[in-house]
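Secondary and tertiary structure notes
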Amino acid sequence: MKIPLQKTAGWLQVPAWMWLAFVVSVGVGFFCSILDKQLAVQLTIILSVFFPALIMAETDSKWLIPYILFVWAVNPEIRRLFEWYHNEYHPVSLFSVLPLLVTLTVIIPIVRRRWEMTPVIRNVLILFLIALIYGLAIGMIRNGFASLFDFANYIVPLLFLVYAELRSHGHAERRLWMKSYVNIALLVAVYGIIQFFVVPPWDAFWMNEVEMSTNGLPVPYEIRVFSSLNSPGPAGMFMSVALMAMLVEKEWRGFMGWLGVPVMALGLIITLVRASWVTMVVAILLYLILSNAKRRAQGLLLIFAIAILGVGLIPVVPGGDKLVERFQSLGNINDDYSYNDRMEFTANMIPKLLGNPFGEGLGSVGTGTKLENGGQLGQYGNFDNGFFALFLTFGFFGAIVFFRAIWLYAKQLFRSLKTAGQADQKYVRLALCVLISAVCYLTFENRMSGIGAAIVWFVAALGIKPLPAIERIEERK
């Protein structure tokens, strides 16, 4: 009996990527079997997280961006659980590259599209590349392999811009992405609240091993919450952008609705990151200024009511007296140790920057310094000023080019605000306000690389809707 041809041909119609995934899985399984058990488990976890992104990228799923954001949010917690379970802390871990690998999967749908970008976006990306390549060239000479890791943390988040520009996403898809981000941030806030009241053993283990003295003590009510992120700063920024979106637009409030607002606010408060509050207020006020009069009045009343509610609730929260004390220090800035440290830091850094106009290159600032310093933070591992960090990294030439790229993109968003339809205007406003607030955040820390950049460029990418092919042709003329 003959087997029909169409049935046997079905095996040949299996997509090539499935065969590749199967071969890779078998190969990795064999490879892991001859590795150290702990390393094999680590690679298994990393690949288990990576492959769903690969499948979604291959099928061009609308859920790819939410999944990427979720990995950025939970990856540090996965690392902590792994190290706690094995009772061994690693200052340099393979988990550090996992969010970068997952984000890189957007290259698959990108390369399948015709590269017809608007001139403005193309020029913005070229300027970023000039600054980054310059920083990489200096960094390879001075900082070795650390410069490559730093380069990836700057350039990979920029793929959000390329992906959003080339993908024909509509209002419904942008709404899905934004609500997904807010929902992820709500989960971050909920876990942060749990962490504040009941410090999980894996978080306590990690704090003790890393010696996070600035994060308080690993005991209930004494901890500066970092939730599933790696420190209070990124956690604060992750939640503050989401809270800002929840406050200005009803449709972005996530699965908790109104209840999510106080939950997110409490999660943000217990990080004790005042910079996140300051820059969030800047973003909200700018958003309302760019809105119509009715929206402006409603927004101001809403924020005023929430502020009164917050002032009444914080003192009754366990440990709330310390929260109040930290925020009250803003009223007496001269006695604030953080302010005084920053002023001293500024006075010391200005002569160093003037004496080194070419910069130290990528890999000289931040956590990447661990790679060339025996797992310990280098001289500029902890850096309290984002502007100085960029000038130290890229030198005067590279930093000016970097800020020029940001300026061009912000300028394009402002132009788009005047021509966008009513449904698109809220996304353009949000993108512009978050980008400007991110620049303001540079007064405190550099959030233009790593998870900070992932948040900023994800939201900023929602602001420019891809032009139809005819309009692209007209712009090129």
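Check the entry above for the structure.
Before going into details, it helps to say that this report is about the structure given with it. Being a predicted model, the structure only gives us computed values, none of them experimental. (Residues numbered from 1 in each chain as written. Predicted model: local features only at pLDDT ≥ 70, side-chain atom pairs only at ≥ 80, totals over all residues. Heavy atoms only, no water.)

1. What to know about empty space enclosed by the protein
Tallied over the full model, the rule gives 4 cavities of 30 Å³ or more. Considered as a void within the structure, the largest cavity measures approximately 90 Å³ in volume. Forming the walls of the largest cavity are 13 residues, and the residues nearest its centre are S240, V241, T279, M280 and S437. Going through the elements one at a time, α12 (232-248), α14 (274-289) and α19 (422-441) are the ones with two or more residues in the lining of the largest cavity. Its residues placed into classes, the lining of the largest cavity shows 9 nonpolar, 4 polar and no charged. (1 Å grid on protein atoms, 1.4 Å probe; cavity = no way out; pocket = protein on both sides within 12 Å on 5 of 7 lines; lining within 4 Å. Points joined across faces, edges and corners; volume = space filled by probe spheres on them. Helix = DSSP H or I, 4+ residues; strand = E, 2+ residues; numbered from the N terminus. Nonpolar A, V, L, I, M, F, W, Y, C, P; charged D, E, K, R; others polar.)

2. Concerning the pattern of salt bridges
Counted by the stated rule, this structure contains 13 salt bridges. Here E360 makes a salt bridge to R142, at a shortest N to O gap of 3.5 Å. Here R142 lies in helix α7 (residues 119-142) and E360 lies in the loop between α17 (337-354) and α18 (386-419), a separation of 218 residues in the sequence. Each member of the salt-bridge network shares a partner with another, and the members are R175, E249, E251, K426 and R429. (Salt bridge = Lys/Arg side-chain N within 4 Å of Asp/Glu carboxyl O.)

3. Details of a nonpolar patch on the surface
A cluster of nonpolar side chains, L101, L104, I107 and V111, forms an exposed patch at the surface whose accessible area comes to about 310 Å². Structurally, the position occupied by L101 is in helix α5 (residues 98-104). The exposure class assigned to L101 is partly exposed, which follows from its relative accessible area of 34%. (Patch = residues over 30% accessible without salt bridge, like charges linked within 9 Å, V, L, I, M, F, W, Y side chains within 5 Å. Areas by Shrake-Rupley, 256 points an atom, 1.4 Å probe, with all protein chains shown as cover. Buried < 20%, exposed > 50% of the residue type's maximum accessible area, 1.4 Å probe, protein only.)

4. Regarding the packing of helix α13 (residues 260-269) against α14
Interhelical geometry of α13 versus α14 gives an angle of 135 degrees and a closest axis separation of 9 Å. Taken together, the axis directions place α13 and α14 in an arrangement best described as oblique. Touching A265, L268 and I269 of α13 are S276, W277 and M280, all from α14. Of the residues that constitute the contact of α13 with α14, the class distribution is 5 nonpolar, 1 polar and no charged. (Axes fitted to C-alpha atoms, helices over the stretch in contact; angles between N-to-C directions. Parallel < 35°, antiparallel > 145°, perpendicular 65-115°, else oblique. Contact = heavy atoms within 4.5 Å.)

5. Brief notes about the packing of aromatic side chains
Across all of its chains, the model carries 24 aromatic pairs by this definition. Of the aromatic side chains, those joined through ring pairs into one cluster are F128, Y154, F387, F391, F394, F396, F402, F403, Y409 and W457. Positioned above the aromatic ring of Y287, the side-chain terminus of R429 is 4.9 Å from the ring centre. (Phe/Tyr/Trp six-rings, centres within 6.5 Å; stacked < 30°, edge-to-face > 60°. Lys NZ or Arg CZ within 6 Å of the ring centre and 35° of its normal.)

6. Observations regarding the environment of N153
Mapped onto the elements, N153 comes out in helix α8 (residues 146-155). N153 sits in the buried class, given a relative accessible area of 10%. With 301 residues separating them in the primary sequence, N153 and A454 have C-alpha atoms 8.9 Å apart. When residues no more than four places from it in sequence are discounted, the contact partners of N153 are W72, L100, S449, G450 and A453.

7. Points about the nonpolar core
In globular proteins that are soluble, nonpolar side chains generally tend to be buried together. Formed by 130 residues in total, the largest nonpolar core has its most connected members in M178, Y181, Y409, W457 and F458. Considering each element in turn, this core owes the most residues, 13 residues, to α18. Residues in contact with Y409, not counting those within four places in the same chain, are I121, V124, L161, L435, W457, A460, A461 and I464. Counting residues in each nonpolar core, the second largest holds 8 residues, with L353, Y380, F388 and L392 among its members. (Core = buried A, V, L, I, M, F, W, Y, C linked by side-chain atoms within 4.5 Å.)

8. Quick look at helix α3 (residues 37-58)
Here α3 is 22 residues long and its end C-alpha atoms lie 31 Å apart, about the 32 Å a rise of 1.5 Å per residue gives. Within α3 the residues assigned to the buried category are Q38, A40, Q42, I46, V49, F50, F51, A53, M56, A57 and E58. Among the residues trailing α3, D60 stands out with phi positive, at a value near 55 degrees. (Expected span 1.5 Å × (residues − 1).)

9. Overview of helix α4 (residues 64-85)
In this model α4 runs 30 Å from its N-terminal to its C-terminal C-alpha over 22 residues, within 8% of the 32 Å that 1.5 Å per residue would give. Of all bends in α4, the biggest is about 45 degrees, found at V74, and the proline P76 comes one to four residues later. Burial within α4 is extensive, with 17 of its 22 residues counted as buried. Following α4 by one or two positions, N87 adopts a phi angle in the positive range, close to 55 degrees. (Bend = angle between axes of the 7 residues up to and from the residue.)

Any functional reading would require information beyond the geometric quantities listed.
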